[in-house]
Amino acid sequence: MRGFFVTFEGGEGSGKTTQLKTLLGHLRSAGRDVVETRDPGGTAIGNQIRGLLLDGENARMDSLTELLLYEASRAQLVQEIVQPVLAAGRILLCDRFTDSTVAYQGYGRGVDLDLIGRLNASAARGIRPDLTFFLDLDPVVGLERVKRRLAPSRAPRDRLEGEALAFHERVRQGFRALAATEPERVIALDAVQSLAELAAEIRRRVDARLGPAEAAPGTRRRSE
Ligand code: T5A
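This report concerns the structure included in the present document. This is a predicted model, so every value here is computed, not measured.

1. Overview of the site of the ligand
Close to the ligand lie 29 residues, the nearest being Lys16, Thr17, Thr18, Arg96 and Thr101. The separation between an oxygen atom of the ligand and a polar side-chain atom of Arg149 is 2.8 Å. In this structure, Glu161 approaches the ligand through a side-chain N or O atom, which is 3.3 Å from an oxygen atom. For the ligand, the accessible surface in isolation is 1,000 Å², of which the surrounding protein chains cover 85%. More than half of the atoms of the ligand fall within 2 Å of the grid points belonging to the largest pocket. Mapped onto the shell around the ligand, the elements with two or more residues apiece are helix 1 (16–29), helix 2 (44–54), helix 3 (63–87), helix 4 (98–108), helix 6 (139–150) and helix 8 (195–210). With 4 residues, helix 4 is the single largest residue contributor to the shell around the ligand.

2. What about the sheet that holds strand 5 (residues 186–190)?
An order of 2-3-1-4-5 is seen for the 5 strands of this open sheet, with the pairing classed as parallel. Edge positions in the sheet fall to strand 2 (34–38) and strand 5, since each has one partner strand and no second. Within the sheet, the average angular offset between the axes of one strand and its neighbour, ignoring direction, is 20°. Relative to strand 5, strand 4 (residues 131–136) runs parallel, the two sharing 5 bridges. What sits directly across from Asp136, in strand 5, is Asp190. Contacting strand 1 (4–10), strand 4 and strand 5, helix 7 (residues 165–181) runs over the sheet at an angle of about 140° to strand 4.

3. Description of the layout of surface pockets
When its volume is computed, the largest pocket comes out at roughly 840 Å³. Looking at the largest pocket, it is lined by 38 residues, and the ones nearest its centre are Lys16, Thr17, Arg50, Asp95 and Arg96. Mapped onto the lining of the largest pocket, the elements with two or more residues apiece are helix 1, strand 2, helix 2, helix 3, helix 4, helix 6 and helix 8. With 6 residues, the top contributor of residues to the lining of the largest pocket is helix 1. Residue classes in the lining of the largest pocket are distributed as 12 nonpolar, 11 polar and 15 charged.

4. As for the environment of Thr101
You can see Thr101 is positioned in helix 4. Its relative accessible area of 2% is what places Thr101 among the buried residues. In sequence terms Thr101 and Val111 are 10 residues apart; their C-alpha atoms lie 9.7 Å from each other. If near-sequence neighbours (up to four positions away) are discounted, Thr101 is found in contact with Leu67, Glu71, Arg74, Gly106, Ile116 and Asn120. Side-chain polar atoms of Thr101 contact the side chain of Arg74, separated by 2.9 Å.

5. Some remarks on the nonpolar core
Core analysis: the biggest nonpolar cluster contains 21 residues, and Leu27, Leu93, Phe133 and Val206 have the highest contact counts within it. Counting 19 residues, the second-largest nonpolar core is a separate cluster that includes Ile49, Leu69, Leu160 and Phe175.

6. What to know about helix 6
Here helix 6 spans 16 Å end to end across 12 residues, near enough to the 16 Å set by a 1.5 Å rise per residue. All of the buried residues in helix 6 are Pro139, Gly142, Val146 and Leu150. Viewed end-on, helix 6 has its buried residues packed into an arc of 70°, placing them on one side of the element. Those residues of helix 6 that are exposed and aimed more than 90 degrees away from the buried face are Lys147 and Arg148. Structurally, helix 6 contributes buried residues whose contacts are with helix 7. For helix 6, the side-chain oxygen to backbone nitrogen distance between the N-cap and Val140 is 2.9 Å, and the N-cap itself is Asp138.

Conventions we followed
Within every chain, residues take consecutive numbers counted from 1 along the sequence as written. Totals for whole chains, interfaces and linings use all residues, but because this is a predicted model, local features are given only for residues with pLDDT of at least 70 and pairs of side-chain atoms are given and counted only at 80 or more. To obtain the side-chain values, all non-hydrogen atoms of the structure were used and water was disregarded. Throughout, the term near means that a residue has one or more heavy atoms lying within 4 Å of the molecule or strand in question. Polar contact criterion, stated in full: a pair of N or O atoms within 3.5 Å, where within protein one must be able to donate a hydrogen and the other to accept it, and residues adjacent in sequence count only if both atoms are side-chain atoms. Only the protein chains shown count as cover for residues, and all accessible areas are computed by the Shrake-Rupley method using a 1.4 Å probe. Whether a set of points on the 1 Å grid over the protein atoms alone is a cavity depends on a 1.4 Å probe fitting there but being unable to get out, while an open set qualifies as a pocket with protein on both sides within 12 Å along at least five of seven lines; lining residues are those with an atom within 4 Å of a point. Criterion for pocket placement: a molecule counts as inside a cavity or pocket if more than half of its atoms are within 2 Å of its grid points. Elements are defined by DSSP. Helices are runs of H or I of four residues or more, strands are runs of E of two residues or more, and each kind is numbered from the N terminus. Being paired, for any two strands, means DSSP has found at least two bridges between them. Think of each axis as a best-fit line through the C-alpha atoms, taken over the contacting stretch in the case of a helix, with angles from 0 to 180 degrees between the N-to-C directions. Contacts: residue pairs with any heavy atoms within 4.5 Å of one another. Grid points are joined across faces, edges and corners, and a volume is the space filled by probe spheres set on the points. For this scheme, ten residues count as nonpolar: Ala, Val, Leu, Ile, Met, Phe, Trp, Tyr, Cys and Pro. Four count as charged, namely Asp, Glu, Lys and Arg, and the remainder, Gly too, count as polar. In this scheme, a residue with accessible area under 20% of its type's maximum is buried, one over 50% is exposed, and one in between is partly exposed, where area comes from a 1.4 Å probe on protein chains only. Residues belong to one nonpolar core when they are buried, are Ala, Val, Leu, Ile, Met, Phe, Trp, Tyr or Cys, and are joined through side-chain atoms within 4.5 Å. Helices are assigned an expected span. That span is 1.5 Å times one less than the residue count. Arc definition: it is the arc formed by the directions from the helix axis to the C-beta atoms.

Rendered as C-alpha coordinates:
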(Lines give C-alpha, C1' and ligand atoms only; values in the text may rest on other atoms or scores of the structure.)
Protein backbone atom coordinates (compact mmCIF):
# COMPACT_ATOMS: atom_id res chain seq x y z
CA MET A 1 0.00 0.00 0.00
CA ARG A 2 1.28 3.44 -0.86
CA GLY A 3 1.18 6.13 1.79
CA PHE A 4 0.33 9.80 1.37
CA PHE A 5 2.92 12.46 0.56
CA VAL A 6 2.33 16.10 1.50
CA THR A 7 4.81 18.91 0.81
CA PHE A 8 4.94 22.52 1.99
CA GLU A 9 6.35 25.14 -0.37
CA GLY A 10 6.79 28.90 -0.50
CA GLY A 11 9.27 31.74 -0.20
CA GLU A 12 11.36 32.67 2.84
CA GLY A 13 9.38 33.12 6.04
CA SER A 14 6.08 32.14 4.42
CA GLY A 15 5.19 29.89 7.37
CA LYS A 16 5.82 26.41 5.92
CA THR A 17 7.58 24.96 8.92
CA THR A 18 4.99 26.34 11.35
CA GLN A 19 2.12 24.86 9.33
CA LEU A 20 3.86 21.53 8.84
CA LYS A 21 4.31 21.14 12.61
CA THR A 22 0.69 22.11 13.25
CA LEU A 23 -0.61 19.56 10.74
CA LEU A 24 1.73 16.93 12.20
CA GLY A 25 0.20 17.48 15.65
CA HIS A 26 -3.33 17.27 14.26
CA LEU A 27 -2.70 14.04 12.36
CA ARG A 28 -0.92 12.37 15.25
CA SER A 29 -3.66 13.30 17.67
CA ALA A 30 -6.11 11.67 15.24
CA GLY A 31 -4.06 8.46 15.60
CA ARG A 32 -2.42 8.60 12.18
CA ASP A 33 1.09 7.35 11.53
CA VAL A 34 3.01 10.37 10.25
CA VAL A 35 6.67 11.08 9.54
CA GLU A 36 8.13 14.56 9.03
CA THR A 37 11.24 15.53 7.12
CA ARG A 38 12.80 18.41 5.21
CA ASP A 39 14.54 19.10 1.92
CA PRO A 40 17.41 19.90 1.76
CA GLY A 41 18.40 17.71 4.70
CA GLY A 42 16.41 14.99 6.42
CA THR A 43 19.36 12.54 6.44
CA ALA A 44 22.89 12.69 7.87
CA ILE A 45 24.40 13.19 4.41
CA GLY A 46 21.64 15.59 3.38
CA ASN A 47 22.20 17.72 6.49
CA GLN A 48 25.87 18.10 5.59
CA ILE A 49 24.88 19.18 2.08
CA ARG A 50 22.31 21.57 3.57
CA GLY A 51 25.10 23.17 5.60
CA LEU A 52 27.08 23.85 2.42
CA LEU A 53 24.03 25.23 0.62
CA LEU A 54 22.90 27.64 3.32
CA ASP A 55 26.32 28.84 4.52
CA GLY A 56 26.48 32.59 3.81
CA GLU A 57 30.25 32.21 3.33
CA ASN A 58 29.59 30.26 0.12
CA ALA A 59 28.45 33.35 -1.77
CA ARG A 60 30.45 32.35 -4.87
CA MET A 61 28.60 29.07 -5.40
CA ASP A 62 27.94 28.43 -9.10
CA SER A 63 24.26 27.94 -10.09
CA LEU A 64 24.89 24.45 -11.49
CA THR A 65 26.84 23.44 -8.37
CA GLU A 66 23.91 24.70 -6.31
CA LEU A 67 21.37 22.75 -8.38
CA LEU A 68 23.35 19.52 -8.17
CA LEU A 69 23.80 19.85 -4.41
CA TYR A 70 20.04 20.27 -3.89
CA GLU A 71 19.45 17.21 -6.08
CA ALA A 72 22.14 15.21 -4.27
CA SER A 73 20.55 15.92 -0.91
CA ARG A 74 17.15 14.94 -2.37
CA ALA A 75 18.42 11.68 -3.88
CA GLN A 76 19.64 10.64 -0.44
CA LEU A 77 16.39 11.75 1.21
CA VAL A 78 14.26 9.79 -1.25
CA GLN A 79 16.34 6.66 -0.89
CA GLU A 80 16.54 6.77 2.92
CA ILE A 81 13.18 8.28 3.90
CA VAL A 82 10.64 9.03 1.18
CA GLN A 83 10.55 5.65 -0.55
CA PRO A 84 10.47 3.47 2.58
CA VAL A 85 7.95 5.65 4.40
CA LEU A 86 5.51 5.70 1.48
CA ALA A 87 6.06 2.01 0.73
CA ALA A 88 5.06 1.28 4.33
CA GLY A 89 1.75 3.09 3.77
CA ARG A 90 2.60 5.93 6.15
CA ILE A 91 1.95 9.65 5.79
CA LEU A 92 4.99 11.81 4.98
CA LEU A 93 5.11 15.58 5.53
CA CYS A 94 8.08 17.27 3.86
CA ASP A 95 9.25 20.89 4.25
CA ARG A 96 10.02 21.75 0.58
CA PHE A 97 10.71 19.29 -2.25
CA THR A 98 11.12 19.39 -6.06
CA ASP A 99 8.92 22.47 -6.57
CA SER A 100 11.46 24.59 -4.67
CA THR A 101 14.08 23.68 -7.26
CA VAL A 102 11.81 24.82 -10.08
CA ALA A 103 11.07 28.09 -8.26
CA TYR A 104 14.53 28.92 -6.84
CA GLN A 105 16.98 27.47 -9.37
CA GLY A 106 14.64 27.69 -12.39
CA TYR A 107 12.78 30.99 -11.97
CA GLY A 108 15.16 32.56 -9.43
CA ARG A 109 18.52 31.71 -11.00
CA GLY A 110 17.38 31.14 -14.59
CA VAL A 111 18.67 27.55 -14.87
CA ASP A 112 17.08 25.57 -17.73
CA LEU A 113 13.69 24.23 -16.61
CA ASP A 114 13.96 21.05 -18.73
CA LEU A 115 17.24 20.15 -17.05
CA ILE A 116 15.64 20.77 -13.64
CA GLY A 117 12.67 18.60 -14.59
CA ARG A 118 14.95 15.70 -15.53
CA LEU A 119 17.11 16.02 -12.42
CA ASN A 120 14.07 16.37 -10.16
CA ALA A 121 12.54 13.21 -11.62
CA SER A 122 15.81 11.26 -11.21
CA ALA A 123 16.52 12.39 -7.66
CA ALA A 124 12.90 11.77 -6.62
CA ARG A 125 12.86 8.38 -8.42
CA GLY A 126 9.70 9.57 -10.13
CA ILE A 127 7.90 10.09 -6.81
CA ARG A 128 5.64 13.15 -6.76
CA PRO A 129 3.76 14.63 -3.84
CA ASP A 130 0.06 13.79 -3.58
CA LEU A 131 -0.68 17.23 -2.20
CA THR A 132 1.37 20.43 -1.98
CA PHE A 133 0.57 23.56 0.02
CA PHE A 134 2.10 26.69 -1.49
CA LEU A 135 2.11 29.48 1.09
CA ASP A 136 1.98 32.55 -1.10
CA LEU A 137 3.44 35.67 0.52
CA ASP A 138 4.92 38.99 -0.58
CA PRO A 139 8.68 38.43 -0.12
CA VAL A 140 9.00 41.78 1.66
CA VAL A 141 6.71 40.44 4.40
CA GLY A 142 8.40 37.02 4.47
CA LEU A 143 11.92 38.44 4.74
CA GLU A 144 10.74 40.79 7.50
CA ARG A 145 9.39 37.78 9.45
CA VAL A 146 12.74 36.00 9.04
CA LYS A 147 14.61 39.13 10.19
CA ARG A 148 12.42 39.42 13.30
CA ARG A 149 12.92 35.75 14.10
CA LEU A 150 16.72 36.00 13.73
CA ALA A 151 17.08 39.26 15.68
CA PRO A 152 17.18 37.85 19.25
CA SER A 153 19.81 35.22 18.38
CA ARG A 154 21.84 37.59 16.13
CA ALA A 155 22.24 34.62 13.79
CA PRO A 156 23.31 35.62 10.26
CA ARG A 157 20.86 35.28 7.37
CA ASP A 158 21.43 32.17 5.27
CA ARG A 159 22.84 32.36 1.74
CA LEU A 160 19.49 32.42 -0.07
CA GLU A 161 17.75 34.74 2.38
CA GLY A 162 20.50 37.26 1.53
CA GLU A 163 19.58 37.34 -2.18
CA ALA A 164 18.11 40.53 -3.72
CA LEU A 165 14.38 41.17 -3.51
CA ALA A 166 14.05 40.74 -7.30
CA PHE A 167 15.31 37.14 -6.88
CA HIS A 168 12.64 36.39 -4.27
CA GLU A 169 9.98 37.95 -6.48
CA ARG A 170 10.97 35.65 -9.36
CA VAL A 171 10.84 32.68 -6.97
CA ARG A 172 7.27 33.66 -6.05
CA GLN A 173 6.35 33.81 -9.74
CA GLY A 174 7.78 30.31 -10.13
CA PHE A 175 5.59 28.90 -7.36
CA ARG A 176 2.57 30.71 -8.78
CA ALA A 177 3.24 29.22 -12.21
CA LEU A 178 3.40 25.73 -10.68
CA ALA A 179 0.12 26.28 -8.83
CA ALA A 180 -1.52 27.45 -12.07
CA THR A 181 -0.21 24.45 -14.02
CA GLU A 182 -1.12 21.80 -11.44
CA PRO A 183 -4.12 23.14 -9.48
CA GLU A 184 -5.19 19.64 -8.39
CA ARG A 185 -1.93 19.04 -6.57
CA VAL A 186 -0.63 22.49 -5.66
CA ILE A 187 -2.98 24.42 -3.38
CA ALA A 188 -2.06 28.11 -3.19
CA LEU A 189 -2.92 29.71 0.15
CA ASP A 190 -2.77 33.39 1.00
CA ALA A 191 -0.06 33.32 3.68
CA VAL A 192 -0.95 36.70 5.23
CA GLN A 193 -3.84 34.92 6.94
CA SER A 194 -3.47 34.11 10.61
CA LEU A 195 -1.70 30.93 11.72
CA ALA A 196 -5.05 29.51 12.89
CA GLU A 197 -6.90 30.28 9.64
CA LEU A 198 -4.16 28.68 7.54
CA ALA A 199 -3.96 25.64 9.81
CA ALA A 200 -7.74 25.11 9.60
CA GLU A 201 -7.73 25.27 5.80
CA ILE A 202 -4.78 22.85 5.53
CA ARG A 203 -6.37 20.45 8.01
CA ARG A 204 -9.66 20.53 6.13
CA ARG A 205 -8.04 19.72 2.79
CA VAL A 206 -5.83 16.94 4.17
CA ASP A 207 -8.68 15.32 6.10
CA ALA A 208 -10.83 15.42 2.95
CA ARG A 209 -8.13 13.65 0.96
CA LEU A 210 -7.30 11.05 3.61
CA GLY A 211 -10.88 10.20 4.46
CA PRO A 212 -11.84 8.45 7.70
CA ALA A 213 -8.93 7.06 9.69
CA GLU A 214 -10.10 3.46 9.17
CA ALA A 215 -8.38 1.92 6.11
CA ALA A 216 -6.82 5.24 5.04
CA PRO A 217 -3.06 5.84 4.54
CA GLY A 218 -1.26 6.34 7.80
CA THR A 219 -3.78 4.45 9.92
CA ARG A 220 -2.17 2.51 12.72
CA ARG A 221 -3.15 -1.13 12.93
CA ARG A 222 -4.46 -2.33 16.29
CA SER A 223 -1.37 -4.45 17.00
CA GLU A 224 1.03 -1.47 16.63
N1 T5A B 1 15.97 25.85 -1.72
C2 T5A B 1 15.40 24.70 -1.24
C3 T5A B 1 16.37 25.97 -3.05
O4 T5A B 1 16.91 27.00 -3.46
N5 T5A B 1 16.16 24.91 -3.90
C6 T5A B 1 15.61 23.72 -3.46
O7 T5A B 1 15.46 22.79 -4.28
C8 T5A B 1 15.20 23.62 -2.08
C9 T5A B 1 14.58 22.35 -1.59
C10 T5A B 1 16.03 26.13 2.51
C11 T5A B 1 16.57 27.15 1.52
O12 T5A B 1 16.94 26.46 0.35
C13 T5A B 1 16.24 26.98 -0.77
C14 T5A B 1 15.03 27.64 -0.22
C15 T5A B 1 15.51 28.17 1.12
O16 T5A B 1 16.14 29.41 0.89
P17 T5A B 1 14.52 26.33 4.57
O18 T5A B 1 14.97 26.49 5.98
O19 T5A B 1 13.87 25.09 4.20
O20 T5A B 1 15.78 26.71 3.69
O21 T5A B 1 13.48 27.42 4.09
P22 T5A B 1 13.16 28.83 4.63
O23 T5A B 1 12.16 29.45 3.78
O24 T5A B 1 14.43 29.60 4.81
O25 T5A B 1 12.51 28.48 6.03
P26 T5A B 1 12.04 29.49 7.06
O27 T5A B 1 12.03 28.75 8.36
O28 T5A B 1 12.78 30.77 7.03
O29 T5A B 1 10.58 29.86 6.61
P30 T5A B 1 9.21 29.12 6.78
O31 T5A B 1 9.40 27.71 7.21
O32 T5A B 1 8.41 29.35 5.58
O33 T5A B 1 8.53 29.96 7.94
P34 T5A B 1 8.34 29.64 9.51
O35 T5A B 1 7.21 28.74 9.69
O36 T5A B 1 9.65 29.25 10.09
O37 T5A B 1 7.91 31.09 9.97
C38 T5A B 1 8.80 32.18 9.89
C39 T5A B 1 8.40 33.21 10.97
O40 T5A B 1 7.14 33.78 10.62
C41 T5A B 1 6.18 33.55 11.65
C42 T5A B 1 6.74 32.38 12.48
O43 T5A B 1 6.28 32.44 13.80
C44 T5A B 1 8.23 32.60 12.36
O45 T5A B 1 8.69 33.51 13.31
N46 T5A B 1 4.92 33.21 10.98
C47 T5A B 1 3.85 34.04 10.90
N48 T5A B 1 3.65 35.29 11.36
C49 T5A B 1 2.43 35.83 11.08
N50 T5A B 1 1.44 35.21 10.38
C51 T5A B 1 1.60 33.96 9.93
N52 T5A B 1 0.62 33.34 9.25
C53 T5A B 1 2.87 33.33 10.18
N54 T5A B 1 3.37 32.11 9.85
C55 T5A B 1 4.63 32.06 10.34
